[in-house]
Every structure is written in structure tokens, then in C-alpha cells.
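Below are the chains, spelled out letter by letter.
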Amino acid sequence: MSKQVYISADYATDSGDRDVVDVLQTWGSDNYHRVDFIDMSQVSSGSVSNDPDCRPCDLKSEFNRQINASSAVIFVVGDKTASRTAGSSCNRNGSTQAASSCTPYKQNTNGKKSCKVQSTVGAGSDNVGSINSYSYLRHEFEQAKKAKKTIIIVYNSLRIESAWLPSYMNGYEGIARPFWKKNAYGNKVGDYDSLKRELGFE
């Protein structure tokens, strides 16, 4: 039996947490492990991120759909997670379309563009509204909470790093644990057994 699990992580090439995601993806694709992972950086075919005018609100709406379709969400916390602000450029919430602007996805060098949202509606009881000033990482966390998904938090470390937790994860310190451990040969490996238990396979 497999489970769909959404992965939220910092994918910055210089100081992100891609190494943890790579291990998770290996576990999800080999014949030994039993998890079907959804990677936020490789979302479904036809992703809104392929649209040249993709905005933060478009991506956040897609994150909502992917999280809602998952049984659990893994949040990878590294030493830069708390300071990441990507996705927070929207100022449309509480403002008019004419007075609002944002930076299209992966087009920082082109500057901001006028808001393309003509009118707004409530997000409903099960979703965090996609028009907000949250970072992408915080939006994913707030959506997982609102959708009442199983939340798993792992540090990109061999030890507990409580100081790395963003303020919006306050109250979740007790469930956060190191992703890495040392095996019998002294090599750093992902702690699959702990993750398997958290996902309910044992």
C-alpha cells in the first residue's frame, strides 16, 4: 500500500534542503519503500508554473489542491527556512486591483506587474486563501493545518534544531525530529524507520 505525501522544502540551490528531498524521492520510487511522494518542485503535468504569467496566488492555489489530495505533509526545516520569503510579494488582500502588484513566478529580474485578480471570493472552510502575504513555505504549512492533514516535521540535521523552526510552527516543536541518523557503519543516512512509523505503516 502506498500513500500520497506532499513535500514542502526550501529548494534554493545554494543553501536549501534538496538533499533531504532527493532521499525522499528515492524512497518513493524504488521497489523497497512504500510511499508515493508528491514533490512541490515537480508538481503535476500542466502545472500553472508553466504559465509565463504565473503569479504567487496561482501557485498557492495549486499547492492547496496538491495538499488536499495528500494524506500527509512532510515539512523539511533547514537553517534558512525561517528566513525564506519567496511568495510573500502579494499585497492584494485588503486592497484594490489597481493598487496591487506582485512579481510573477521566477521573474524577479523583470520586476513587479499589476495584479491580474479582478475580484476575490472566500476560500471556503477547507482552504487558506491564495491571496495573502505568506511565503510559499508558510502557506503550505497553514494549508496543511486547515485541511487537518498529518504533519511531519524533519530537520535537515543529525540533531534536533529547535532554533530553526519558523515562528509559524510554534507549538510543533514536540513532533519535529532530525531527518538524518548514523547507521552501523557511521554513515549519514535518512531515518526511514521513523518516517514509516509516522506515516502509519507500523
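Look a little higher up for the structure.
Scope of this entry: the structure provided in the associated data block.

Thresholds, definitions, all that
Residues numbered from 1 in each chain as written. Predicted model: local features only at pLDDT ≥ 70, side-chain atom pairs only at ≥ 80, totals over all residues. Heavy atoms only, no water. Disulfide = S-S within 2.5 Å. Buried < 20%, exposed > 50% of the residue type's maximum accessible area, 1.4 Å probe, protein only. Phe/Tyr/Trp six-rings, centres within 6.5 Å; stacked < 30°, edge-to-face > 60°. Helix = DSSP H or I, 4+ residues; strand = E, 2+ residues; numbered from the N terminus. Lys NZ or Arg CZ within 6 Å of the ring centre and 35° of its normal.

Tallied over the entire structure, the rule returns zero disulfides. Unpaired in this structure, Cys57 has its nearest cysteine sulfur neighbour in Cys90, at a distance of 6.2 Å. Take Cys57: its relative accessible area is 12%, and that puts it in the buried class. Assessed through its relative accessible area of 14%, Cys90 is described here as buried.

In this section: the packing of aromatic side chains. Counted by the stated rule, this structure contains eight aromatic pairs. Look at Phe75 and Phe141: their rings are 5.0 Å apart centre to centre, the planes differ by 70°, and that puts the pair in the edge-to-face class. Separated by 66 residues along the polypeptide, Phe75 in strand β3 (residues 72-77) and Phe141 in helix α3 (residues 136-146) bring together distant segments of the chain. The exposure class of Phe75 is buried, given its relative accessible area of 2%. On the basis of relative accessibility, which here comes to 0%, the residue Phe141 falls in the buried class. Among the aromatic side chains, those forming a connected cluster through ring pairs are Trp27, Phe179, Trp180 and Tyr192. Above the ring of Trp180, the side-chain terminus of Lys188 is found at 4.6 Å from the ring centroid.

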